[in-house]
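# Structural overview for review
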Amino acid sequence: MASNEQPNSVHHHSSLQKKIKLKQERRQHNVSFVMMILLTIVAFAAIASDAISNSVAVLFIIVLAGVQVFFQLYIWMHLGHKGHEFPMWGIASGLLIALITVGTLVGLIW
Amino acid sequence: MSNAHAANKSVLWDWLTTVDHKKIGILYLVSGGFFFLVGGLEAVLIRIQLMNPEMTFLTGNLYNQVLTMHGTTMIFLAAMPIIFGFMNAVVPLQIGARDVAFPFVNSLGFWLFFFGGILLNLSWFLGGAPDAGWTAYAPLSTTSTGHGVDFYVLGLQIAGAGTLMGGINFLVTIINMRAPGMTFMRMPLFTWTAFVTSGLILFAFPALTIGLFLLMFERVFEANFFDANMGGNAIIWEHIFWIFGHPEVYILILPAFGIISEVVATFSRKRLFGYSAMVFATVLIGFLGFMVWAHHMFTVGLGPVANSIFAVATMAIAIPTGVKIFNWVFTMWGGKIRFTTANLFSVGFIPTFVMGGVTGVMLAVAPADYQYHDSYFVVAHFHYVIVGGLILGLFSGLYYWYPRMFGLMLNEALGKWNFWTFFIGFHLTFFPQHFLGLMGMPRRYFTYPEEFGLGSLNFISTIGAVFMTVGTIIFIINVVVTHAKGKKVSGDPWDGRTLEWAIPNPTPHYNFLQTPLVRGLDALWIEKMAGNKKMTPAEPVGDIHMPNNSVLPLFMSIGFFIAGFGFIYYSSAGAPALIAIIVGLGIGLACMFLRSWIDDHGHHLHKEDLLKEDKGVDA
């Protein structure tokens, strides 16, 4: 959604430092991309095979999902960078509300 | 690129492709107004059927359809879009921005809502409307025959996606696009309520999305989420619906609180009393709104512990709401009050909403709720908060911001007629319904026997509905008269306090020639008190960057509209429906692809043209 960005305003003065940083980031992106595909395959395998019991498999893929969320938010969406305080607030309050809601719901139904 | 090429195209094309928040606001307002009339017509039909005992005007399943569509239309297709209309028209101006953060998404949000609403209402002509109530409780909704409930599911899914986009857009806009000096605690209260409402939309609408998907899979693809025979649980639908549904009522009422806060302060010529308490109360209501959904389900049998917790949480909301009521009254106290139509609606709102709030606390008492539940007492309660609260607030906002949105002043004499007929009609309609409920009249029934003695109060209620209809018609006449020969007004007809009144009339499409510098709460008022004729600019006059119009949102929405039809008829029509699904989703995806592929950097308005235009406006 880059409609508000002005053309040519981004990469004017990319110094050496910036270049190195970009290279690092690119490597992180590649690594996390491969990792995410691997994690998805592992998750699929955990459910498809009968090697581990269902209840363990569910816990296992929830953990994998957590790792995927981390990759998504921090590597791809740059949550760790400066100026992301509001998204952090949003995610935290969303998690809080989701936790209370799902917790109560589970408590009420089962 | 310049804006010159846009002027060559036709007016219709301009409205279909616009990404200007002011025009999208008007689109929301007009289509929301249209659906308000449709929902109002359905309400009148309901009141005619209930006017006398054992009427046969509108019976059985047809009554169920009208009742369901009245609720669904009013909530999703009338109230929500009119709120979005105001948010679009006012919020960017109040924070000193030139547009919303994502103008393209803004347009997409509108068109999705519009086609979702059209899809839902087409059910009338295609074999019958949904008939399972606006809450669509399972198993009534899962076993309802025909395609009515499918229209409900798909129509709301598409409209809901648009609403969710709108909510996200306003969150980003308010966080990122405030003018220099416009800190959070200097934002006008309408912007604050728009902000909190958008947050609630962000957290509440996904629950509806999931619920509708489950219902869709159950109806279209024979899943069994809510079927107890297959290990499902019908109560889950109630939970999911109300996890969405309760925040939804705060999504509706908070912007009305914001409107009242602006109007009461302006027409009392006083700063809003207890601004920071008002902000805190707004946020608190938003937060607590997520903790109370099970009060709709006291009679389900959740047990005394759950019922008590939700009862106490519900009563807690009365505290921040009470804070607001007192602050409005204190704002008026000692003020130089002008009873314009806008202010009449606001002042009428306050006691009316208090009455709705009091019955709300009554309903929160879980043991007592076993008596009130599913009776007309509940109907009276939620009409007091939604019509007596939200709709009075929206009328107030209309009269207040009409000069800003259209450059014309609505007729005040007709406005007062509008207020008194609507206000008296409202109380006449819904006040007796409290007693009908206490006398045992259940909601959603299409008739009642004569010997129950419910006839006279129902008759009074229907007379009230006639008054409300007259009020609405007077409003329409007012709009027509205003546009036929209304007088143009200045940019600041009410002696306003906030930034939206700092702009000349008609509003330039770039809003602010120079981004204003905000020096405190009620930014314009501060400048007026300092003897300045204009806002102090925060930047020199320069080129202004604006987004380009796009027709993609329209086509994308049409794509999903076609796919929606396919899903609705998939269970009965088979192959043709599948083709509609593929074609529709294909159009949607193609539009998404085009949007991602084509670089669209918008255009610049040049300084020289702007200065020329600005002189033209002043002269």
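Since the structure is predicted, the reported quantities are computational estimates derived from the model, not experimental observations. (Residues numbered from 1 in each chain as written. Chains lettered and ligands numbered in written order. Predicted model: local features only at pLDDT ≥ 70, side-chain atom pairs only at ≥ 80, totals over all residues. Heavy atoms only, no water.)

## Some remarks on the confidence of the model for chain A
All names here are of chain A. Overall, the predicted model of chain A reaches an average pLDDT of 82, with 86% of residues at or above 70. Of all secondary-structure elements in chain A, the lowest mean pLDDT belongs to helix H3 (residues 85–109), at 86, while helix H2 (residues 54–76) reaches the highest, 90. A low-confidence stretch, residues 1–10 (pLDDT under 50), is modelled with 18 contacts involving residues beyond four sequence positions or located in other chains. (pLDDT = per-residue confidence, 0-100. Helix = DSSP H or I, 4+ residues; strand = E, 2+ residues; numbered from the N terminus. Contact = heavy atoms within 4.5 Å.)

## Thoughts on helix H1 (residues 16–48) of chain A
Residue and element names in this part refer to chain A. Relative to the 48 Å expected for 33 residues at 1.5 Å per residue, H1 spans 48 Å between its end C-alpha atoms, a close match to the ideal helical length. All of the buried residues in H1 are His29, Ser32, Met36, Leu39, Ala43 and Ala46. Residues of H1 that are buried sit in contact with H2. (Expected span 1.5 Å × (residues − 1). Buried < 20%, exposed > 50% of the residue type's maximum accessible area, 1.4 Å probe, protein only.)

## Concerning the packing of aromatic side chains
All names here are of chain B. Using the criterion set out here, one finds 69 aromatic pairs over all chains in the structure. Ring centres of tyrosine 372 and phenylalanine 377 lie 4.4 Å apart, and the angle between their planes is 20 degrees; this geometry places the pair in the stacked category. Of the two residues, tyrosine 372 and phenylalanine 377, both sit in the buried class. Cation over ring: lysine 23 sits above tryptophan 15, and NZ or CZ is 5.7 Å from the ring centre. Taking NZ or CZ as reference, arginine 595 lies 3.9 Å from the ring centre of phenylalanine 104, over its face. (Phe/Tyr/Trp six-rings, centres within 6.5 Å; stacked < 30°, edge-to-face > 60°. Lys NZ or Arg CZ within 6 Å of the ring centre and 35° of its normal.)

## Focus on the interface of chain A and chain B
Listed per partner, the contact involves 18 residues of chain A and 25 residues of chain B. When chain A packs against chain B, the two sides together hide about 1,900 Å² of surface, and 78% of this comes from carbon and sulfur. Where chain A touches chain B, the interface holds 0 salt bridges. Applying the counting rule to chain A against chain B returns 0 residue pairs in polar contact (both at pLDDT 80 or more). Split by residue class, the side of chain A that touches chain B holds 9 nonpolar, 8 polar and 1 charged. (Buried area = accessible area lost by both parts, 1.4 Å probe. Salt bridge = Lys/Arg side-chain N within 4 Å of Asp/Glu carboxyl O. Polar contact = N/O pair within 3.5 Å; in protein donor to acceptor, adjacent residues only side chain to side chain. Nonpolar A, V, L, I, M, F, W, Y, C, P; charged D, E, K, R; others polar.)

## Details of the packing of helix H15 (residues 376–406) of chain B against helix H16 (residues 412–438) of chain B
Residues and elements named next belong to chain B. Running from amino to carboxyl end, H15 crosses H16 at an angle of 165 degrees, the nearest separation of the two axes being 7 Å. Viewed along their axes, H15 and H16 adopt a mutual orientation that is roughly antiparallel. Once H15 is placed against H16, the crossing between them reads as left-handed. Here the residues of the contact of H15 with H16 are counted per class, giving 17 nonpolar, 9 polar and no charged. (Axes fitted to C-alpha atoms, helices over the stretch in contact; angles between N-to-C directions. Parallel < 35°, antiparallel > 145°, perpendicular 65-115°, else oblique. Left-handed = near helix turned anticlockwise from the far one by under 90°.)

## Overview of the side chain of serine 375 of chain B
Looking at where serine 375 of chain B falls in the secondary structure, it is placed in the loop between helix H14 (366–372) and H15. Those residues in contact with serine 375 of chain B that sit more than four places away from it in its chain are Gly437, Met441, Pro442 and Arg443 of chain B.

## Let's talk about the side chain of serine 144 of chain B
All names here are of chain B. Positionally, serine 144 belongs in the loop between helix H6 (140–143) and helix H7 (148–176). According to the relative accessible area criterion, serine 144 is buried, its value standing at 12%. One polar contact links serine 144 to aspartate 131, side chain to side chain, over a distance of 2.9 Å. What serine 144 contacts, discounting residues up to four positions off in sequence, is Asp131, Val149 and Arg219.

## Here we look at a negative patch on the surface
Residue and element names in this part refer to chain B. Negative charge collects at one region of the surface, where Asp543, Glu608, Asp609 and Glu613 lie side by side. On the secondary structure map, glutamate 608 appears in helix H21 (residues 607–618). What makes glutamate 608 exposed here is its relative accessible area of 53%. (Patch = residues over 30% accessible without salt bridge, like charges linked within 9 Å, V, L, I, M, F, W, Y side chains within 5 Å. Areas by Shrake-Rupley, 256 points an atom, 1.4 Å probe, with all protein chains shown as cover. Lys, Arg positive; Asp, Glu negative; His and termini not counted. Charge placed at Lys NZ, Arg CZ, Asp CG, Glu CD.)

## What to know about the packing of H7 of chain B against helix H8 (residues 189–220) of chain B
All names here are of chain B. Two elements in contact, H7 and H8, have axes separated by 8 Å at closest approach and are oriented at 155 degrees. Relative to H8, the element H7 is oriented roughly antiparallel. For the element pair H7 and H8, the recorded crossing hand is left-handed. Within the contact of H7 with H8, the residues separate by chemical class into 22 nonpolar, 8 polar and 2 charged.

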